[in-house]
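In case you want the letters, here they are:
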Amino acid sequence: MDSELPPTLRNLARQQQGVVSRSQALRAGLSADMIKFRLRGGWWQPVHRGVYLTFTGAPGHSAQLWAALLGAGPGAVLSHETAAELQRLADKPAESIHVTVPWQRRIKAVNGVSLHRCTRAGEIVLGDSNPPRTRVEETVLDLAQAAATFDDVCGWVTRAFARDLTDAATLRAAMGQRSRLRWRGELDELIIAAASGDHSVLEYRYGRDVERTHGLPESVRQAPFEGPDGRRGRRDRLYRDYGVVVELDGRLAHPVEAQWRDKARDNAAAAGGMQSLRYGWVHVRRNACETAAQVAQVLRVRGWTGQPRPCSPGCPLTRTR
């Protein structure tokens, strides 16, 4: 049956993973009766109102994305978690497909689709994207706008920079186009940190809550190194003048093989004359003061003559002054 379609519609269906809309089929030359004939015969399948699969069998994920777009109508673009998935910003598909439509459009709910409306829908789309999706920086800001916690915001921003998906100037320019934006002040701070090398929420929190809040010297982020076997890597934090390395591990689970890799990194640092410290979520998020006190003690042993700063009357660093 596919070979019997008008060439224009056949090519369009191929581009759209086998999904077409009723309006596209009519414009290509099919009549309403011809569409009904294909549906009744089982050669086509309705998936949303006025949207059809031009094949039998279950649709794949890409076909589902196209069906959601066509179901949302003209000007629709994939956005939020769905755009993040296509842009390598998210590592797995969201539970529902997120689509943004022009603000003035009023459409009925589409099954399995989370609809968003935007006054700038025509400006935020990534040029020549197939299927149409928002630009990376717009995706980051959309996700920040919808984020429930600051850690979620931090995760989207740091991941975008760590994966070389955007840069500070581009993200700030996109921020400037939005008159209303949640977390604006925090985003400015996050952009500076992420552009400087904070590649995760944990790294950002270490720099803010452990290092800066307690007056520790500024460390080098993502410092390159070469191991004894010639392999190259990066240290999360390096206090170069004092030979102190801080590794930050945000993994909730810690497989045995990962533990051995960590030990190998720590041993390599020790072999090079460095003191290696390793911290996880509990150390940085819940016990930032105690972690700062420990780092300060090691730095002073290694020659730092500065004075750490307690963040509050109950901070452990009040006992070191």
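Details of the structure are given in the entry above.
So, here's what we can say about the structure. (Residues numbered from 1 in each chain as written. Predicted model: local features only at pLDDT ≥ 70, side-chain atom pairs only at ≥ 80, totals over all residues. Heavy atoms only, no water.)

1. Some remarks on the overall build of the protein
The secondary structure content of the protein amounts to 13 helices and 10 strands. In summary, the protein has a C-alpha radius of gyration of 26 Å against a globular reference of 20 Å for 321 residues, an excess of more than 25%. Overall, the C-alpha framework of the protein stretches about 85 × 45 × 30 Å when taken along its three principal axes. Within the protein, buried positions represent 45% of all 321 residues. Within the protein, residue pairs in contact and separated by at least 24 positions form 53% of the contacts whose partners lie at least 6 positions apart. When the accessible area of the protein is evaluated, it comes to approximately 16900 Å², of which 49% is carbon and sulfur surface. Each charge class in the protein can be summarised by its mean position, and for the 46 positive and 34 negative side chains these summaries are 5 Å apart. (Helix = DSSP H or I, 4+ residues; strand = E, 2+ residues; numbered from the N terminus. Rg over C-alpha atoms; globule rule 2.2 N^0.38 Å. Buried < 20%, exposed > 50% of the residue type's maximum accessible area, 1.4 Å probe, protein only. Contact = heavy atoms within 4.5 Å. Areas by Shrake-Rupley, 256 points an atom, 1.4 Å probe, with all protein chains shown as cover. Lys, Arg positive; Asp, Glu negative; His and termini not counted. Charge placed at Lys NZ, Arg CZ, Asp CG, Glu CD.)

2. Overview of the side chain of R221
Its location among the elements puts R221 in strand β7 (residues 220–226). A distance of 3.0 Å separates a polar atom in the side chain of R221 from a polar atom in the side chain of D198. When neighbours within four sequence positions are excluded, R221 is seen to be in contact with A193, S196, G197, D198, R212, R235, D236 and R237. (Polar contact = N/O pair within 3.5 Å; in protein donor to acceptor, adjacent residues only side chain to side chain.)

3. What about the sheet that holds strand β8 (residues 232–239)?
In spatial order, the strands read β7-β8-β9-β10; together these four strands make up an open sheet with mixed pairing. Strand pairing shows two members of the sheet lacking a second neighbour, β7 and β10 (275–279), which therefore form its edges. Neighbour to neighbour, the strand axes of the sheet diverge by 45 degrees on average, direction disregarded. Where β8 and strand β9 (residues 244–248) come together, three bridges link them in antiparallel fashion. Looking at β9, one finds that L238 is bridged to V245. Contacts from helix α10 (residues 201–212) reach β7, β8, β9 and β10, with the element oriented near 25 degrees to β8. (Pairing = 2+ DSSP bridges. Axes fitted to C-alpha atoms, helices over the stretch in contact; angles between N-to-C directions.)

4. As for the nonpolar core
Core analysis: the largest hydrophobic core is formed by 29 residues, its most contacted members being L89, V140, L141, V157, F161, L187 and L190. Among the secondary structure elements, those contributing two or more residues to this core are α6 (136–146), α7 (150–162), α8 (168–176), α9 (184–196) and α10. Counting residues per element, this core draws most heavily on α7, which supplies seven residues. Sequence-distant contacts of L141, that is, excluding residues within four places in its chain, are made with L171, A174, M175, R178, L181 and L187. Formed by 22 residues, the second largest nonpolar core is a distinct cluster that contains Y206, Y239, C289 and V298. (Core = buried A, V, L, I, M, F, W, Y, C linked by side-chain atoms within 4.5 Å.)

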